[in-house]
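What the coordinates show
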Amino acid sequence: MIEGLTGCLKAAEKCGVTMGLENHWGLGRTAEGVMRIVDAINSPWLQVTMDTGNFLEDPYDRLEKLAPKTVLVQTKTYYGGGLWYTLELDYDRIAKLLRKHNYHGFLSLEFEGRENPLTGVPKSLALLRKAFA
């Protein structure tokens, strides 16, 4: 895997694109696993995409471990209950930990709620705008 990523990073560097390894299932299931890969490759062209909804237990300590190398944050909201699971995430707390690590990148919204997106997405955006203002 490291060999494959290293090959991709040559193209990313040539194009001026920073890749983000997401905390997701498999090798990226834990913060330690993500950081082990990112640190082993040790390239400015490979950083972290933080997905706030992919640590089901004790997310804040795990998100904190990713924060120093985070280049994109995927925020999840679950209005109306989640499609696969529901997390009650404290976005004020997440915003505070990202500020602590001087994060100034983009937030993307991944709405995974059962509520109609026409009402759930605006609620989600209002929540995020308040927390990250």
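An account of the accompanying structure is given in this report.

Definitions and limits used
- Residues numbered from 1 in each chain as written.
- Predicted model: local features only at pLDDT ≥ 70, side-chain atom pairs only at ≥ 80, totals over all residues.
- Heavy atoms only, no water.
- Helix = DSSP H or I, 4+ residues; strand = E, 2+ residues; numbered from the N terminus.
- Rg over C-alpha atoms; globule rule 2.2 N^0.38 Å.
- Axes fitted to C-alpha atoms, helices over the stretch in contact; angles between N-to-C directions.
- Parallel < 35°, antiparallel > 145°, perpendicular 65-115°, else oblique.
- Contact = heavy atoms within 4.5 Å.
- Nonpolar A, V, L, I, M, F, W, Y, C, P; charged D, E, K, R; others polar.
- Buried < 20%, exposed > 50% of the residue type's maximum accessible area, 1.4 Å probe, protein only.
- Left-handed = near helix turned anticlockwise from the far one by under 90°.
- Salt bridge = Lys/Arg side-chain N within 4 Å of Asp/Glu carboxyl O.

What follows covers the overall build of the chain. In terms of regular secondary structure, the chain is built from five helices and four strands. In sequence order, the secondary structure elements of the chain are arranged as α-β-α-β-α-β-α-β-α. Here the C-alpha atoms of the chain give a radius of gyration of 15 Å, agreeing with the 14 Å that 2.2 N^0.38 yields for 133 residues. A principal-axis box enclosing the C-alpha atoms of the chain has dimensions of 45 × 30 × 25 Å.

Packed helices, taken two at a time, are described by their axes: the angle between them and the distance between them. Where helix H2 (residues 31-41) meets helix H3 (residues 59-66), the closest approach of the two axes is 9 Å, and the angle between their N-to-C directions is 5 degrees. The pairing of H2 with H3 is recorded here as roughly parallel in orientation. Note on element contacts: H3 touches H2 through Arg 62, Lys 65 and Leu 66, opposite Ala 31, Glu 32, Val 34 and Met 35. In terms of residue class, the contact of H2 with H3 is built from four nonpolar, no polar and three charged.

In the Ramachandran plot, Asn 42 falls in the positive-phi region, its phi being about 50 degrees despite a non-glycine side chain. One can find Asn 42 in the loop between H2 and strand S2 (46-51). With relative accessibility at 61%, the residue Asn 42 sits in the exposed group. One non-glycine residue, Asn 102, lies in positive phi territory at about 60 degrees. Tracing the sequence through the fold places Asn 102 in the loop between helix H4 (91-100) and strand S4 (106-111).

The next point concerns the packing of helix H1 (residues 2-15) against H2. One can describe the packing of H1 onto H2 by two numbers: an axis separation of 11 Å at closest approach and a directional angle of 55 degrees. One way to sum up the angle between H1 and H2 is to call them oblique. The interaxial crossing formed by H1 with H2 has right-handed handedness. Here Ile 2, Leu 5, Thr 6 and Leu 9 of H1 lie close against H2, whose contacting residues are Ile 37, Ala 40 and Ile 41.

This part is about H2. For H2, the set of buried residues is Ala 31, Gly 33, Val 34, Met 35, Ile 37, Val 38 and Ile 41. The secondary structure elements touched by the buried residues of H2 are H1, strand S1 (19-22), S2 and H3. Just past H2, the residue Asn 42 takes up positive phi, approximately 50 degrees.

Summed over all chains, the structure comprises six salt bridges. Across the pair Asp 51 and Lys 76 runs a salt bridge, and its minimum N-O distance is 3.2 Å. Of this pair, Asp 51 sits in strand S2 while Lys 76 sits in strand S3 (residues 70-77), and the two are 25 residues apart along the sequence. The pair formed by Asp 51 and Lys 76 is uniform in burial state, with each residue classed as buried.

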